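# Tertiary structure, described
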Amino acid sequence: MIKARISEVFESVQGEGLYLGEKQIFVRFFGCNLNCTYCDTKLDRFMEYNPHELFEEIKLYRDKYHSISFTGGEPLLHMEFLKDILKLTVKHGYKHYLETNGTLAPELEELIEYIDIVAMDLKLPSSSGMGDLWHMHEKFLKIASRKEVFLKAIICLGTLEEDLLRATALIKEVSPASILILQLNSYENHAMLSEKLSRFKDIAHQQGVTTCVIPQIHKTMGLR
Ligand code: SF4
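What comes next is a walk through the structure.

### Examining the overall build of the protein
Broken down by element type, the protein carries 8 helices and 9 strands. A compact globule built from 224 residues would reach a C-alpha radius of gyration of about 17 Å, and the protein, at 17 Å, matches this within 12%. Along the three orthogonal principal directions, the C-alpha set of the protein runs to about 50 × 35 × 30 Å. When each of the 224 residues of the protein is scored for burial, the buried share is 52%. Contacts spanning at least 24 positions in sequence make up 77% of the contacts within the protein whose residues lie at least 6 apart.

If you want it as structure tokens, here you go:
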């Protein structure tokens, strides 16, 4: 039976994005296909689970939860495993929330029917240091927009306005109803970034894209 490397399974509240504060069961997969400069989830430990073992662990959480958050790393690297676990959890009425870097479109295509909400990163090249991923993001967003999807972009002191404009153009073309969340890079000076975030929000508004500035509260509150 297929196995996946999982760094942790735990309950907490969602610390970012449109579902901030919702109680979730988190399944954090190990490993990522990117290496962003601001990454804070480079974990070095994991356990191997098969889908039934993970399902048994999920069932131990007995409170009322908004959804299961499949996060990482990049959960879509474990597509075959995800397909099996999602088939199990959907039968038991769980809602599925996917946190993803938005680059693995073929894998998303295989799973989109089982996903309820996609929280998709847009990796702005001048923020992430990962080069040009726009084509991958475009293919991914086309598939994600069959379900509820919102986007998140980290804004750093060095983030270029041209990257924001590219992001808003992509959203307008592919998924115009989607909201873009701007998040400040928690490793940089917040006072200087706040001014930039506010200017970027105005620019996005002028481009016709709904944008919210929502900080990553799990970092400031010490939540997992
Ligand atoms: S996509 Fe997310 S998990 Fe992967 S390197 Fe970038 S910030 Fe880290």
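### What about the pairing of strand E8 (residues 180–184)?
Counting buried positions along E8 gives 5 out of 5 residues, so the element sits mostly inside the fold. In E8, alternate side chains face the same way, and those of Leu180, Leu182 and Leu184 on one face and Ile181 and Gln183 on the other are all buried. Where strand E7 (residues 148–155) lies against E8, 5 bridges are found, and the strand directions are parallel. When the bridges of E8 are listed, Ile155 appears paired with Leu184. The sheet contact formed by E8 and strand E9 (residues 211–213) spans 3 bridges and is parallel. The partner of Leu180 across the bridge, within E9, is Thr211.

### Details of helix H5 (residues 134–144)
Among all positions in H5, only Trp134, His137, Phe140, Leu141, Ile143 and Ala144 are buried. Close packing links the buried residues of H5 with strand E5 (96–100), helix H3 (105–111), strand E6 (117–121), helix H4 (125–128), E7 and helix H6 (161–174).

### Observations concerning the environment of Asn189
Here Asn189 shows up in the loop between E8 and helix H7 (190–206). Exposure remark for Asn189: the relative accessible area of 39% places this residue in the partly exposed category.

### A few points about the packing of aromatic side chains
Considering all chains together, one arrives at 6 aromatic pairs under this definition. Measuring from ring centre to ring centre gives 6.0 Å for Tyr19 and Tyr97, while their planes differ by 85°; the resulting arrangement is edge-to-face. On the criterion of sequence distance, the pair formed by Tyr19 in the loop between strand E1 (4–13) and strand E2 (23–29) and Tyr97 in strand E5 is long-range, its members being 78 residues apart. Both residues of the pair, Tyr19 and Tyr97, count as buried.

### Considerations on the side chain of Gln14
Note that Gln14 resides in the loop between E1 and E2. A relative accessible area of 2% means that Gln14 is categorised as buried. Within the structure, the side chain of Gln14 is placed 2.6 Å from the side chain of Gln24, a separation counted as a polar contact. Other than its neighbours up to four places away in sequence, Gln14 contacts Tyr19, Leu20, Gly21, Glu22, Gln24, Phe26, Ser69, Tyr97 and Glu99.

### A closer look at the packing of helix H1 (residues 51–59) against helix H2 (residues 79–91)
Running from N to C, H1 and H2 point in directions that differ by 45°, and their axes come no closer than 9 Å. Taken together, the axes of H1 and H2 are oblique relative to one another. Crossing of H1 over H2 shows right-handed handedness. Contact residues: Pro51, His52, Leu54, Phe55 and Ile58 in H1; Phe81, Asp84, Ile85, Leu88 and Thr89 in H2. Looking at side-chain class alone, the contact of H1 with H2 contains 7 nonpolar, 2 polar and 1 charged residues.

The rules behind each value
Residues numbered from 1 in each chain as written. Predicted model: local features only at pLDDT ≥ 70, side-chain atom pairs only at ≥ 80, totals over all residues. Heavy atoms only, no water. Helix = DSSP H or I, 4+ residues; strand = E, 2+ residues; numbered from the N terminus. Rg over C-alpha atoms; globule rule 2.2 N^0.38 Å. Buried < 20%, exposed > 50% of the residue type's maximum accessible area, 1.4 Å probe, protein only. Contact = heavy atoms within 4.5 Å. Pairing = 2+ DSSP bridges. Phe/Tyr/Trp six-rings, centres within 6.5 Å; stacked < 30°, edge-to-face > 60°. Polar contact = N/O pair within 3.5 Å; in protein donor to acceptor, adjacent residues only side chain to side chain. Axes fitted to C-alpha atoms, helices over the stretch in contact; angles between N-to-C directions. Parallel < 35°, antiparallel > 145°, perpendicular 65-115°, else oblique. Left-handed = near helix turned anticlockwise from the far one by under 90°. Nonpolar A, V, L, I, M, F, W, Y, C, P; charged D, E, K, R; others polar.

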